[in-house]
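# Architecture and fold: a report
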Amino acid sequence: VICTCKHDILDVPHKLLELFNEMDTIPMVSSLLSSLANYSNLPQGSKEHEEAENNEGSRKKPVQAPRMGTLMGVYLPCLQNILGVILFLRMTWMVGIGGVIEAFIIVLMCCSTTMLTAISMSAIATNGVVPAGGSYYMISRSLGPEFGGAVGICFYLGTTFAGAMYILGCIEILLVYIVPQAAVFKMEGLEGAEAEAAMLNNMRVYGTLVLSFMAIVVFVGVKYVNKLALLFLACVICSILAVYAGVIKTAFEPPVFPVCVLGNRTLVWKGFDVCAKVIERENGTVTTKLWRLFCDSEFLNATCDSYFANNNITEIQGIPGVMSGILRGKYTFIEKLGLPSVDEPDSMPTNTNRYVLADITSFFTMLVGIYFPSVTGIMAGSNRSGDLQDAQKSIPIGTILAITTTSIIYMSSVLLFGSCIEGTVLRDKFGEAVRGNLVIGTLAWPSPWVIVIGSFFSTCGAGLQSLTGAPRLLQAIARDGIVPFLRVFGHGKANGEPTWALLLTACICEIGILIASLDNVAPILSMFFLMCYMFVNLACAVQTLLRTPNWRPRFKFYHWTLSFLGMSLCLSLMFICSWYYAIIAMAIAGCIYKYIEFRGAEKEWGDGIRGLSLSAARFALMRLEEGPPHTKNWRPQILVLVSMDSELNVEQPRLLSLTNQLKAGKGLTIVGTALEGTYLENHPQAQQAEQSLRKLMEAEKVKGFCQVVISSNMRDATSHLVQAGGLGGLQHNTVLACWPRNWKQAEDHQSWRNFIELVRETTAASKALLVPKNISAFPSNGERFTEGHIDVWWIVHDGGMLMLLPFLLRQHKVWRKCKMRIFTVAQMDDNSIQMKKDLTTFLYHLRIDAAVEVVEMHDSDISAYTYEKTLMMEQRSQILKQINLTKTEREREVQPLLMIKQVTLPSRASKFMSKALFRFQNTASPSAEAETPGTAVQMTWTEAKCDGEQLMVDGFVFRNQSNLRRMHTALRLNEVIIKKSQEARLVLLNMPGPPKNRSGDENYMEFMEVLTEGLNRVLLVRGGGREVITIYS
């Protein structure tokens, strides 16, 4: 007993949860919390690839990599990526060209942009777990796959071109400052364009070699790149510390870097040792090596360059020091301030290779484009989010601290360079005036080689990091599957190394190498990074403004105005840097966006653009609720009613073809179908029917929505579709339904009853109704009519639908070459000539090109054929009514006659009636005997017990006199239409309304059949009771 009780007690928790019998499909809270607590999100990055290589072939238990904190995981990687080649190679030149104030404005503007972007990025990164993929993941999950794919590829291209820029910087340091004699294309003795071409060719040759070597290193083993990352970071930090130490030293003991100036032109300190024309020695005046560079001999009476002869040589101090006060009033003039210069106005410059020359024309916007890459790299922390102990804490703090640190370094560098280094030296891009030293290296302590070696290794490391990161970014995009043609780059080696992506990255990087100019490559990658940062700000602004329930970032120091300001700054900087590069970058992103939109895989990531679409849709729907659209804005918003067969396939696919031709992708289209049954039992069939509708809509290129309604009977289901279709002000105003094909068959009698009820409901709801007859004969979207007519028979005014529909059809390529004809009917009292003039004027004001014809229809006697058709119709009606009657009731229905009026018909009519009576008596009751009429037929008008009059011919009763008149009208109209429009491609015709008394419904169907008999394609049109076309603009 004790054991049993213990067993029962242990089972109590399970019994308590037996109420929730959905445990098999829905996880319980305890298991959900357990899975979330054990969530691990190591990115498929270089660390996993390194572990895969080390553990290949063994079955060791995988050891989780140690998680990093803010300092090692975010701050130092961002610091390493931000500080780079531009600081070492172009910062001093930018200060010299632009001046301290202009350079400070550039630095402040670029650093503000990255700081605002970092704030937005911190908000996104702390709004949930961010897997590896960094900015691509954040943007794609915030703005959707289209924006994410476009910006992700732009960020990939920016990272790839950054690798090319770092390699070019590495080669420039190598060939200009370390081993100039290693140049393949010698520059000795070359001037101007020739020297520049030789330098660019050297960059291309060595750049291609270095790129190949780096790609092999990355392919063979990423672990070596990761292990050297700390060394490269140490080189950057040591170089910057050496610069600051050198600045402090200049306050007490400025370094000796003399600059030789001829007149006010700075000379290249190369090929001479003394900055003087002549020197005094014991035995007299002796010329120097500098004299021999400008003169044809070493003697004092030699012929010299005119500028050399007319100007004095001056030696100035290149590094006056921070206490020299040279910062005041600098850089207003290109020449050295205060030094005289004598130029001969008519003489051409000679010996230009002896002077320090500007290699490019510089201006403010170009300086912005060259400098901006030095502030990129702020995504390094978010890219490592999977390796961080607490990413939501480390990413904001580490990134903002890194940007603050680098901004202080850059801003202080501008002030220190301007206050320590002579302006002529600052403007010397390659240090030719200071004996070929790196200009920033002249400040370094203890030696310029600290900066040269440090910057060389830091650029090598940055290049390797770019070649490591870019392929993985491309692999992440490819594996998402949003860009179909990139799927091949999602594959790699067995350990996941992105081999194909690395190959593509190297090829794109080679394009940057072939450009060969650091100053030309920098603006390219500026564009791509600025576009990426712009969309990060946009993502944060959109999410903040939408206030989506899932937007709950832990980082609270953000606001949508800051994001919007950052986005505006990014966009402005794009066009400031280079307007044509900006347009090209935006065109590339736009093309990728449209490609993903049309060909890419559909992804639902809960992105902000979807939320923005919902907000915009809600706003638009609320606006539509303010009132019905103006006549000028009216267009058919169509509810297409289709029927499904037993296999749940659409029975009338051409109905959707006609919809496409009417709509041409504009306005609202709802394709609805009805299923009979109950929702709980037939829900799977409804889903299958919806899928079938979507496939057909996609095949017919119908843009819209599909809706499946299940009801106990088809009549109610169709009624529900008509009543409940649409949302708010966005509702259908037109119903498109097929003419019931087999309505005359007894087993299909319910279909035509449903159809007539549909006509009544659309009329009551003030909706237009379009009924194509012989829908299978209508053209598909692939057919083309090269000639023919669309004929409109305008019997009654329906608000202009008959005029508008042919115009809409002719916008489609199927009907484009068809001409439009409008026929109207003139009765006895009408002036047909005036009607034609009025109609022509009306069409002219409507701006509709159509031929006009007025058809005259005079009153005439009712023909015998009309009697026969009416007799056949009423006989069929009687048969249908008597199907469910008893024998006594049938006899009671025979002849309720009260009053007789005799009418005599000609013998020709008698023959028609005889045939008709004989045919229907055999049909109704085979045992009945046929009566033989005489030469005169007695036609009798009788008054029935029910309302209305009855007509009897030879003893057979015509139930309603109005049926005869309607049949007469239908036949007369059909004769005229056949005569005029039998060869027309399409006939549009007013659709008469159904009878108010439901007892005549079957007669209504017969009238429609008679009216359209002999026509191939007919579109019956019934207006919705409002004007849909206007002559006013």
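The structure presented is a predicted model; accordingly, all values stated were derived computationally and were not measured.

A count of helices and strands for the chain gives 34 helices and 19 strands. Counting over 1033 residues, the chain shows a buried share of 50%. Within the chain, contacts between residues separated by at least 24 positions form 80% of all contacts whose residues are at least 6 apart in sequence.

Another point: the state of the cysteines. The full count for this structure, using the stated rule, is two disulfides. Each sulfur in the disulfide pair Cys295 and Cys304 lies 1.8 Å from the other. Across the S-S bond linking Cys295 and Cys304, the dihedral sits near 105 degrees, which makes this disulfide right-handed. Since its relative accessible area comes to 10%, Cys295 is described here as buried. Of note for the chain: the bonded cysteines, numbered N- to C-terminal, pair according to 1-2, 3-4. Here Cys577 is not disulfide-linked; the sulfur of Cys110 is the nearest cysteine sulfur, at 6.8 Å. We classify Cys577 as buried; its relative accessible area is 8%.

Feature annotation in UniProt assigns "transmembrane region" (unreviewed entry) to the following positions: residues 69–91, 164–185, 205–222, 228–247, 355–375, 395–417, 524–546 and 558–582. End C-alpha atoms of residues 69–91 are separated by 32 Å, and the span's content is 83% helix alongside 0% strand.

As enumerated under the stated definition, the model contains five cavities of 30 Å³ or more in all. Estimated volume of the largest cavity: approximately 100 Å³. Along the walls of the largest cavity sit 14 residues, with Gln80, Asn81, Ser458, Gly461 and Ala462 positioned nearest its centre. Elements supplying a minimum of two residues to the lining of the largest cavity: α5 (70–82), α11 (222–250) and α18 (448–480). Considering each element in turn, the lining of the largest cavity owes the most residues, five residues, to α18.

Here we take up helix α14 (residues 364–371). Where burial is concerned, most of α14 is hidden: six out of the eight residues are buried. The set of residues buried in α14 consists of Met366, Leu367, Val368, Gly369, Ile370 and Tyr371. In this structure, the buried side of α14 is in contact with α6 (85–89), α7 (91–125), α16 (391–420), α20 (518–546) and α21 (560–577).

Parameters at a glance
Residues numbered from 1 in each chain as written. Predicted model: local features only at pLDDT ≥ 70, side-chain atom pairs only at ≥ 80, totals over all residues. Heavy atoms only, no water. Helix = DSSP H or I, 4+ residues; strand = E, 2+ residues; numbered from the N terminus. Buried < 20%, exposed > 50% of the residue type's maximum accessible area, 1.4 Å probe, protein only. Contact = heavy atoms within 4.5 Å. Disulfide = S-S within 2.5 Å. UniProt positions renumbered as here; feature names shortened; annotations may be inferred. 1 Å grid on protein atoms, 1.4 Å probe; cavity = no way out; pocket = protein on both sides within 12 Å on 5 of 7 lines; lining within 4 Å. Points joined across faces, edges and corners; volume = space filled by probe spheres on them.

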